[in-house]
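Coordinate analysis (summary)
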Amino acid sequence: MLLRLLGRWRRARDRLLTSERFQSAALSFPPARWIARRRARRLFDLCAGFVYSQVLLALVQTGWLRRLAESPCSVSELAAAADLPEDSARRLLSAGCELELIEARGEGRYGLAALGAAAVGNPGVLAMVEHHPMFYRDLEQPVRLLRERGKGAELRSFWSYADGRDPTQLGAAEVAAYSRLMAASNSFVAEEIAAAYPLRRHKRVLDLGGGNGQFVAYLAGRFKNLQLVLLDLPGVIEEVQRCQRAGEFPANIELLAGNFNGPLPAHGADLVMLVRVVHDHDDAVVARLLRSVFESLPGGGQVLVAEPMADSREAGRIGAAYFGLYFLAMGQGRSRSAVEIAELMRSAGFVKVRRLATRLEIHAQLLTGTRP
């Protein structure tokens, strides 16, 4: 009965809100005017969102955000640096100011605004912005992307392990581009995990699927007594080994080559971390992976899953709208709620599955589970 009444109310609301007469009346009625204006702005922002993203991309590609982080500049200086006509430079600056990426500083000079400074302060943001043109090309015809389930999308070739080939046969050159992007974007997550989870209680930690090891390198600098292990595909580990030999990667981090689709190599860790790994894979792969992690741990050993989750108040829109289409173009994976991930963990055998609060859920939420 209650559901039927709610359904009738929603149908009546929809008819009212789609009525031009009602919309005009709402703008004429002061108590309702601010609601109508707010919804109009939000609707236009949805229409213009792609343009806003291209303004941000242009500010990154011209190098202006990084340049303005060093010192304020004039229009002529910025135009010359990007080889742009001054009228075009003014147009881009005006757009950047409205989006709170740039601000006028007086005397014809410009500097970073709050959002621009935040972007420059997090290299992962700039890396994702520079990566997005590939995704935008896949989204040129979104209905076709949905209808064909991402078949032929450009992102599939970028994430080489997602294009159907045997991932163990990928060489270092084939995984280099996505490994660099993972390293940059994982900078979002490292401090969140260290602040939310008591890593000091463990002796040996495995970062499973950790790319070029940016996260374990961060842990090595902060937790001197932790024994650290990095496990990824052979092509990824080959490049990390090269960096390790060159002194560009901590020598005390153990490196293991492996694959998610089979038993894990012996690692001896009492904590296995899956940092932004689970959402990259389909349910069947995640179920096998979690079971392999379970079987590789000693009694009392723990798994930690860290990624944005679909039921987060902060990250829910990102999970459903952004990652929903991104993973479709990528060819595998999906954004899951904490409830869904917890159920996969329990099905693998983990107990005491619990959710830990983080400072910025948009970067990652945490779930832990224990092998009994």
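Residues numbered from 1 in each chain as written. Predicted model: local features only at pLDDT ≥ 70, side-chain atom pairs only at ≥ 80, totals over all residues. Heavy atoms only, no water.

**With respect to the pattern of salt bridges**
Enumeration over the complete set of coordinates arrives at 11 salt bridges. Of the charged contacts, one joins Asp 283 and Arg 334 as a salt bridge, the two residues approaching to 3.3 Å between their closest N and O atoms. Of the two residues, Asp 283 is situated in helix α14 (residues 283–296) and Arg 334 in the loop between α15 (316–330) and α16 (338–347); the sequence distance between them amounts to 51 residues. For Asp 283, a relative accessible area of 34% translates into the label partly exposed. When its relative accessible area of 32% is taken as the criterion, Arg 334 is described as partly exposed. Taken together, the shared-partner salt bridges in this structure form one network comprising Asp 283, Arg 334, Arg 336 and Glu 340. (Salt bridge = Lys/Arg side-chain N within 4 Å of Asp/Glu carboxyl O. Helix = DSSP H or I, 4+ residues; strand = E, 2+ residues; numbered from the N terminus. Buried < 20%, exposed > 50% of the residue type's maximum accessible area, 1.4 Å probe, protein only.)

**Points about helix α8 (residues 123–138)**
The end-to-end C-alpha distance of α8, which contains 16 residues, comes to 24 Å, matching closely the 22 Å that a straight helix rising 1.5 Å per residue would cover. The axis of α8 is deflected most strongly, by about 40 degrees, at His 132, and proline Pro 133 appears within four residues downstream. Counting buried residues along α8, 12 of its 16 residues qualify, which places the element largely inside the surrounding structure. (Expected span 1.5 Å × (residues − 1). Bend = angle between axes of the 7 residues up to and from the residue.)

**Here we look at the packing of aromatic side chains**
Applying the stated criterion across every chain yields a total of eight aromatic pairs. Aromatic pair Phe 135 and Tyr 326: ring centres 5.0 Å apart, planes at 70 degrees, arrangement edge-to-face. You can see Phe 135 sitting in helix α8 and its partner Tyr 326 sitting in helix α15, a full 191 residues away along the chain. For the residue pair Phe 135 and Tyr 326, the accessibility class agrees, reading buried in each case. Between the aromatic rings of Tyr 322 and Tyr 326, the centroid separation amounts to 5.7 Å while the plane-to-plane angle is 25 degrees, which identifies the pairing as stacked. (Phe/Tyr/Trp six-rings, centres within 6.5 Å; stacked < 30°, edge-to-face > 60°.)

**Looking at the packing of helix α5 (residues 75–82) against helix α6 (residues 86–98)**
Two elements in contact, α5 and α6, have axes separated by 9 Å at closest approach and are oriented at 105 degrees. The angle between α5 and α6 places the two elements in the roughly perpendicular class. Facing Val 75, Ser 76, Leu 78 and Ala 79 of α5, the residues of α6 in contact are Glu 86, Ala 89, Arg 90 and Leu 93. Of the residues contributing to the contact of α5 with α6, the split by class is five nonpolar, one polar and two charged. (Axes fitted to C-alpha atoms, helices over the stretch in contact; angles between N-to-C directions. Parallel < 35°, antiparallel > 145°, perpendicular 65-115°, else oblique. Contact = heavy atoms within 4.5 Å. Nonpolar A, V, L, I, M, F, W, Y, C, P; charged D, E, K, R; others polar.)

**Structural notes on the pairing of strand β2 (residues 102–106)**
Pairing between β2 and strand β3 (residues 109–112): four bridges, direction antiparallel. Across the sheet, the residue bridging to Gly 106 is Arg 109, located in β3. (Pairing = 2+ DSSP bridges.)

**Things to note about the sheet that holds strand β8 (residues 302–307)**
Taken in spatial order, the seven strands line up as β6-β5-β4-β7-β8-β10-β9 in an open sheet, and their pairing is mixed. The open sheet has two edge strands, β6 (254–257) and β9 (351–356), and neither has a second partner. Between one strand axis and the next, the sheet turns through 20 degrees on average, direction left out of account. Running over the sheet, helix α13 (residues 234–245) touches β5 (227–232) and β6 and is turned about 155 degrees from β6.

**Some points on α13**
Spanning 12 residues, α13 covers 16 Å between terminal C-alpha atoms, matching the ideal 16 Å at 1.5 Å per step. Among the residues of α13, those classed as buried are Gly 235, Val 236, Ile 237, Val 240 and Cys 243. After α13 finishes, the residue Gly 247 shows a positive phi value of roughly 80 degrees.

**Some remarks on the nonpolar core**
Most often, soluble globular proteins have nonpolar side chains that are buried together. Counting 30 residues, the largest nonpolar core has Leu 208, Leu 274, Val 293, Met 345, Phe 350 and Leu 367 as its most contacted members. Those residues in contact with Met 345, other than ones at most four positions away along the chain, are Leu 290, Val 303, Val 305, Phe 350, Val 353, Leu 367, Thr 368 and Gly 369. One finds Val 216, Val 240, Ile 253 and Leu 366 within the second-largest nonpolar core, a separate group that totals 29 residues. (Core = buried A, V, L, I, M, F, W, Y, C linked by side-chain atoms within 4.5 Å.)

**Quick word on the layout of surface pockets**
Reported here for the largest pocket is a volume of approximately 1,800 Å³. Lining the largest pocket are 33 residues; nearest its centre among them are Ser 53, Leu 56, His 132, Ile 318 and Tyr 322. Those elements giving two or more residues to the lining of the largest pocket turn out to be α3 (30–61), α7 (114–120), α8 and α15. Partitioning the lining of the largest pocket into residue classes produces 24 nonpolar, five polar and four charged. (1 Å grid on protein atoms, 1.4 Å probe; cavity = no way out; pocket = protein on both sides within 12 Å on 5 of 7 lines; lining within 4 Å. Points joined across faces, edges and corners; volume = space filled by probe spheres on them.)

**Let's talk about the sheet that holds β3**
Strands sit in the order β1-β3-β2 across an open sheet of three strands; the sheet is antiparallel. Single-partner strands in this sheet number two, and they are β1 (73–74) and β2. Its contacts with the sheet place α6 against β2 and β3, and it is angled at close to 105 degrees to β2.

This is a description of form; function is not addressed.
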